[in-house]
Each structure stands twice: as structure tokens, then as C-alpha cells.
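Structural characterization, general
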Amino acid sequence: MKQNKSLETPQMAIDKSARFKVGDRVRVKDMPYLFYTRSQMYTRGVVGTIAACTYQDLIPEEEAFNLDGQVEQYYIVRFRQKDLWPEYPFDNDTLQTESPERWLELVSDESGPEQERKGSE
Amino acid sequence: MSSRSELQQQQEIIGSLQPAIHSPQNWNYEVAGPLYRAYMHPPHDVGGQYDVPVHYEEKEEEEWELNTYVTCEVLGWKGVWTAEERRRRADNDLGHTLYFGIPYYGRWIWSAAKMLVDKKHISLAELLAKIAEVKSRYETKQITRNPSDGH
């Protein structure tokens, strides 16, 4: 449903270009939660791959309160099931979920989160 | 109207809905970090939590469920709320006890009613009077119920 939005002309101005591209390794940030979130607990801190840059839309934290607020790039992130569930038996299985940009940080190598891209708001 | 003994029984059920983690001292002055974080966690984010296997039931929607669905969608179409707002209200705002306790579409209609009251489209007094009216009409109908009558 939502995927089709990328085909439409968004009436909301595209204010910034996508920070990540398909194939980038990203980690789901563990930001505070209060009142509402669309960022699943089981994905936090886990590294996945950008599978698609989908569309730009209101962020859940604001749309959930009927606020016509900030618009941000959304991504489909692909995780290895084994990275999400350590006891998962099959190596090749993956899980995809959707996330707005603010929940993701680029992973340049496996050592830790990249710092220099932070604080662009 | 419930009798006094029915109301006392009701009070016992309400008391039994206390959270599993409960200390005799309510509203403690300090809540340790991990426990605080658990309290603040939105109820609907259940993926990855431990649970027991449950019976899977293949079931058609009932009439009240379809009516609820249509009502909520029409409220969206009229611009009274957005889908994201509906999720926030029906999955988070109602709290853990209701989230786990009432049917799926019960959460939808609960949140639609709450939203209409919050946004002053209807008053709670008005809503309660209507519920009482429909309830008494329904109870009267139960006695002489026609099977073709959907309500």
C-alpha cells in the first residue's frame, strides 16, 4: 500500500535527499520511547542492509498525533534472521521491515556506528 | 441495573486485573531504570517477547467487527483521524491491560470512541447516555428476539 506512494508526486516538498543507498549497512538506533513507536524492540542495535529507498513521508512520531510535521525518507531494511534471533536455525532466511531515516545509522565496518554523519538536523 | 452483590463481584474482578509485577506500595517514589523503561514501552511492540503457543482459529469477521472496521475507515476518510493516529490510540494509549484483554476490533472501537470524546465531537455524558439507551433496548429485544434481526 504505502510502497505505491513513491510513484505518486508527493505534495510535501522533498526537503533532503536520501542519506542511505541500497546495499548500505545500517544499524537500528536505540532511541528513547514514550507514547508511541514504530521501531520494533527486536531490531534495535541489529545491523541490516538497505533493501530499498521507498518514499518520503511524515514520521510516525508526528503523524500519530495528527501533526502535519516533518517529512523524511523511508527505507526497507533487510536483516538476517540469525542476527535477530541467535537461536534461528537457517542461515539464508531474511526479514524485512520499514524504517524512517532517523532510526538508522550507517555502519562503515563491524566495529561500531559511524559518528560523522550525526547531528545533521 | 446491577444488584449490589453483582457490583461487589465486579469489584473483585477489577481488583484482580492488577499487573503481574505489583508491590503493595503503589506509586513508588523511585522506579529503577530498566523497570522504568519497561513501563514506558509501547504495549503493541510485542515482537520477540516470550509467550506460550496459542490455538490458531480460522474465523470470519462478525457483523459488529465489520461495522467497527467501516466506522473507523469512514472516520479516516472524513479526516477525523489518520491511520497512524489510529494505531497509536488503539495499540498504545489503551495500555497493557486492555491491549491484551479485549478483542482486536474491541480495541478499534474503544479508540474510535475515545478519539471522538478527546476531540469534542461527542461528549462522554452523551456517549454514556446513548450506551445506556441502546443497552436497555437490546435487553428488551433479547426476550422477543427475531433471528433475522441483526441488532
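Above: the structure in question.
Rules used throughout
Residues numbered from 1 in each chain as written. Chains lettered and ligands numbered in written order. Predicted model: local features only at pLDDT ≥ 70, side-chain atom pairs only at ≥ 80, totals over all residues. Pairing = 2+ DSSP bridges. Helix = DSSP H or I, 4+ residues; strand = E, 2+ residues; numbered from the N terminus. Expected span 1.5 Å × (residues − 1). Buried ≥ 20, exposed ≤ 12 C-beta atoms within 10 Å, placed from the backbone. Axes fitted to C-alpha atoms, helices over the stretch in contact; angles between N-to-C directions. Parallel < 35°, antiparallel > 145°, perpendicular 65-115°, else oblique. Left-handed = near helix turned anticlockwise from the far one by under 90°. Contact = placed C-beta atoms within 7 Å. Nonpolar A, V, L, I, M, F, W, Y, C, P; charged D, E, K, R; others polar.

**Examining the pairing of strand 1 (residues 25–28) of chain A**
All names here are of chain A. Pairing of strand 1 with strand 2 (residues 47–58) involves 3 bridges; the strand directions are antiparallel. Bridge pairing in strand 2 places R27 opposite V47. Bridging between strand 1 and strand 5 (residues 104–106) involves 3 bridges; their strand directions are antiparallel. Along strand 5, the bridge assignment pairs R27 with E105.

**Topic: helix 1 (residues 4–16) of chain B**
Under the 1.5 Å per step criterion, the end-to-end length of helix 1 of chain B is 19 Å for 13 residues, consistent within 8% with the ideal 18 Å. Buried residues are scarce in helix 1 of chain B, accounting for 0 of its 13 residues.

**Let's talk about the packing of helix 4 (residues 83–93) of chain B against helix 6 (residues 104–118) of chain B**
Residue and element names in this part refer to chain B. At their nearest, the axes of helix 4 and helix 6 sit 9 Å apart, and the two run at 115° to each other. Between helix 4 and helix 6, the angle falls in the class roughly perpendicular. Crossing geometry of helix 4 relative to helix 6 is assigned as right-handed. Contacts between helix 4 and helix 6 involve R86, R89, A90 and D93 from the first element and R107, W108, S111, K114 and M115 from the second. For the contact of helix 4 with helix 6, a count of residues per class yields 3 nonpolar, 1 polar and 5 charged.

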